[in-house]
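Observations on the three-dimensional arrangement
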Amino acid sequence: MVEYHKVSKVFDDGTKAVDELSLTVGKGETVVFIGPSGCGKTTTLKMTNRLEECSGGHISIGGEDITMVDPVQLRRGIGYVIQETGLLPHLTVVENIATVPQLLGWPKRRIEERVAELLELAGLPPREFRYRLPSQLSGGQKQRIGVLRALAAEPDVVLMDEPFGALDPITRDRLQGELVELQEKLHKTIIFVTHDMDEALKLADRIVLMRRGKVEQIGSPDELQESPANDFVRDFIGEDRLSQITPDMSVEFLVEDAPLVVRPTTAAQEVLDGMEDLGRESAQVCDPRGRWLGMVFLPQAKAAAGRGGTARDAMRTDRKLHMSEASIQDAAQMLADQSVPIPVLDDEDALLGVVSDEGVARMTITRLTRQKRQSRTEAAS
Amino acid sequence: MTEFPGFFELLVDFVGSQYDRILYLTWEHIYISAVALAITVGFCMPLGIYLTRNERIANYVIGVANVFQTIPSLALLGFLIFVFGIGNDNAIAALFLYAMLPVLQNTYIGIRNVPQATVQAARGMGMTEMQILRRVELPLALPVIIGGVRVAAVWIIGTAALAAAIGGGGLGKLIFSGLASIRNEVIVAGAFPATILALAADQGLKSLRSHLRPEHRARRLARKAEIMERKEVATATN
């Protein structure tokens, strides 16, 4: 259904995000791309609906090279789900779900029927939810609507970019279950991106494990667990990763996307607003090419905002780790000193992501819930 | 005291004898302000949108608008006599230049503050750039843009009183002639309606913004659907 042939992506600044990826996704198959931050999984997804263009190789969907199709038409034919920010905040639930059918010019009657049908399918009573705004929904409901919106125009292929990443573990678990059920009914071709191994194991027919733009291993969840291709794969899916983790392993496993990245010229007040919106107490400062310049802490941002300054005025440059040399122990020590996220950089000082105590805690929680689940299923059998 | 009537008697007298003139000048004041505001919005909103697509020149253009806003309004009217001569055209041109900044800046900032993730989601669903602008960016920026229009409207209505100083019309005529003849009642007969106009414009735009809020819109949609449903039930039972 979807075919990647030696697909590469080199960004303008020379970073190689994806390197000669080849893969054929079968009709009705769920393929999950997974890997640490900056491994190229999201870039691959975005190349599939041409939000990014390939620098090399080609992608075809249903046998047709996607560069031969107008990108706007291409995207209308592919479902697309992203993290919860993806719903249009000024439109009601109905209008959000109806977006693509409307763009395609479906008659009004058909759109109404389709929306009602989808809401029923997801167990959201239309009477109650039709005229709600995204801000009046819980995180789980928002994401259900996001999935329905992607399915509205009955696409064969659905792309999902960490759709459940921002949810609490319990809701996430439930939505993953619903997606599996839905897929059993609908048999869509799903390409899913996540950094959560449990999610991948639960949803995938096949998992594509990537690191630094290259595929480390492609295989079914069982294959990956039973015969990992190398140490990286073994570490990444490790049965009980946290208990196996040793202090001198690379910090790589703990890196997550930086929640707030600003430019040095951004007004300090704007940085402050961003922190408030996201509930964070720090922000990373990068130049337009992604090179890390420093980080801003809440108190300094406040002081700089009071003076009418910019992010640059509030910046600190002493707190950072380089992915190539830092170990988990280094990160843990820094987090123990001060519980603010630590930026992680590559050798050219480009920002790869952050390590935070929340991230570590979240990882622990998902590990523990998986252990519980496994012991439950073992007990049941 | 009997030969010197009080201020209120004078005012009542003046308004009583001259109300058609006051009404005419009020209408002229509204006309000048409305045309100036329409030109301001019609020019600055598209320009603001253009600037979000051409960030490099944004600072320069907004800087120019800032300069016009900084020039004292009376001086600006004076300068423009060289271009437009005296009269209402001059006043409208000056008011437009004077009020550009808030509309331009708020359009630019309003659109730029729309979260990139939302725009990206819209693009990912297959909206064209024009659809993204009309269906996503403008609606989300609208509260900020209306805020700018509000400021511009109040400025324009206030400053339009100065139009009389360069041979234009409007309520400024009453204010200036009252000042010249030291007749307080004439000043008030001009200043009071001008104040009311400014307050009304401010309040009107505030209500418009509230009316357009997504929460209010969603509630209206829900209510409408409920009424429709009731009607259907009614016709069905008949």
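Computed from a prediction, not measured in an experiment: that's the story for all the values here.

Looking only at helices and strands, chain B has nine helices and zero strands in total. Taken from N to C terminus, the helices and strands of chain B fall in the order α-α-α-α-α-α-α-α-α. Per-residue burial for chain B yields a buried fraction of 36% across its 238 residues. Once local pairs closer than 6 in sequence are excluded, the contacts in chain B between residues at least 24 apart make up 72%.

Residue and element names in this part refer to chain A. Note that Met-197 resides in helix H9 (residues 197–203). With 23 C-beta atoms packed within 10 Å, Met-197 lands in the buried category. Considering only alpha carbons, one finds Met-197 and Ile-237, 40 residues apart in sequence, at a separation of 6.3 Å. If we skip the residues at most four places from it in the chain, Met-197 touches Ile-34, Phe-236 and Ile-237.

Our focus in this paragraph is the sheet that holds strand S14 (residues 315–316) of chain A. Residues and elements named next belong to chain A. Strand order in the open sheet made by the four strands is S11-S12-S13-S14, with mixed pairing throughout. Sheet topology places strand S11 (261–262) and S14 at the edges, where each strand pairs with a single neighbour. Of the strand pairs in this sheet, strand S13 (residues 292–297) and S14 are connected by two bridges, and their pairing is antiparallel. Counterpart to Val-296 in the pairing with S14 is Met-315. Along the sheet, helix H13 (residues 268–278) makes contact with S11, strand S12 (282–286) and S13, crossing S12 at roughly 130 degrees. Each of S12 and S13 is contacted by helix H14 (residues 298–306), which is oriented at about 90 degrees to S13, the strand it contacts most.

A separate point is the interface of chain B and chain A. With 21 residues of chain B in contact, the opposing surface of chain A contributes 19 residues. Among the elements that make up the side of chain B that touches chain A, the one with the highest residue count is helix H5 (residues 116–124) of chain B (seven residues). Partitioned by chemical class, the residues of the side of chain B that touches chain A number 14 nonpolar, five polar and two charged.

Note: strands within a sheet are paired through backbone hydrogen bonds, in either parallel or antiparallel orientation. Residues and elements named next belong to chain A. Ordered by their spatial adjacency, three strands build an open sheet running S15-S16-S17, and the pairing between neighbours is mixed. On the outer flanks of this sheet lie strand S15 (321–322) and strand S17 (351–355), each paired with one strand and no other. Pairing of S15 with strand S16 (residues 342–345) involves two bridges; the strand directions are parallel. Note on S16: the bridge partner recorded for His-322 is Leu-345. Contacting S15, S16 and S17, helix H15 (residues 328–337) runs over the sheet at an angle of about 155 degrees to S16.

Let's shift gears to the pairing of strand S10 (residues 214–219) of chain A. Note: strand S9 (residues 206–211) of chain A against S10 of chain A, five bridges, orientation antiparallel. Within the sheet, the bridge partner assigned to Leu-209 of chain A lies in S10 of chain A and is Gln-217 of chain A.

Among the nonpolar cores identified, the biggest contains 121 residues, and Val-32 and Ile-97 of chain A together with Ala-91, Leu-95, Ala-99, Met-100 and Ile-156 of chain B are the most heavily contacted of them. Ranked by the residues each element gives to this core, the list is headed by helix H4 (residues 88–112) of chain B, at 14 residues. Excluding residues that lie within four positions of it along the chain, Ile-156 of chain B makes contacts with Ser-33, Ala-36, Leu-37, Leu-95 and Ala-99 of chain B. By size, the runner-up hydrophobic cluster in this structure holds 30 residues, among which are Val-255, Trp-292, Met-315 and Met-323 of chain A.

Residues and elements named next belong to chain B. Within the element layout of this structure, Ser-33 appears in helix H1 (residues 7–53). Taking the C-alpha atoms as reference, Ser-33 lies 18 Å from Pro-72; in sequence the two are 39 residues apart. Ignoring anything within four residues of it in the chain, the contact list for Ser-33 reads Ile-156, Ile-157 and Ala-160.

All names here are of chain B. Compared with an ideal rise of 1.5 Å per residue, which puts 29 residues at 42 Å, helix H8 (residues 184–212) spans 42 Å between its outermost C-alpha atoms and is within 8% of the ideal. Among the residues making up H8, those that are buried are Val-186, Val-188, Ala-189, Gly-190, Ala-194, Leu-197 and Ala-201. Next to the buried residues of H8 lie H1, helix H6 (129–159) and helix H7 (172–180).

Right, let's get into the packing of H1 of chain B against H8 of chain B. Residues and elements named next belong to chain B. Direction vectors running N to C along H1 and H8 enclose 45 degrees, while the axes themselves pass 8 Å from each other. Taken together, H1 and H8 sit at an angle that is classed as oblique. Regarding H1 and H8, the two cross each other, and that crossing is right-handed. The residues of H8 that touch H1, namely those facing Phe-7, Leu-10, Leu-11, Phe-14, Val-15, Ile-22, Thr-26, His-29 and Ile-30, are Asn-184, Glu-185, Val-186, Val-188, Ala-189, Pro-193, Ala-194 and Leu-197. The residue inventory of the contact of H1 with H8, partitioned by class, reads 13 nonpolar, three polar and one charged.

All names here are of chain A. Looking at the secondary structure, you find Glu-3 in strand S1 (residues 2–10). Between the alpha carbons of Glu-3 and Leu-74 there is a distance of 15 Å; along the sequence they are 71 residues apart. Other than its neighbours up to four places away in sequence, Glu-3 contacts Thr-24, Ile-59 and Ser-60.

What counts, and at which threshold
Residues numbered from 1 in each chain as written. Chains lettered and ligands numbered in written order. Predicted model: local features only at pLDDT ≥ 70, side-chain atom pairs only at ≥ 80, totals over all residues. Helix = DSSP H or I, 4+ residues; strand = E, 2+ residues; numbered from the N terminus. Buried ≥ 20, exposed ≤ 12 C-beta atoms within 10 Å, placed from the backbone. Contact = placed C-beta atoms within 7 Å. Pairing = 2+ DSSP bridges. Axes fitted to C-alpha atoms, helices over the stretch in contact; angles between N-to-C directions. Nonpolar A, V, L, I, M, F, W, Y, C, P; charged D, E, K, R; others polar. Core = buried A, V, L, I, M, F, W, Y, C linked by C-beta atoms within 7 Å. Expected span 1.5 Å × (residues − 1). Parallel < 35°, antiparallel > 145°, perpendicular 65-115°, else oblique. Left-handed = near helix turned anticlockwise from the far one by under 90°.

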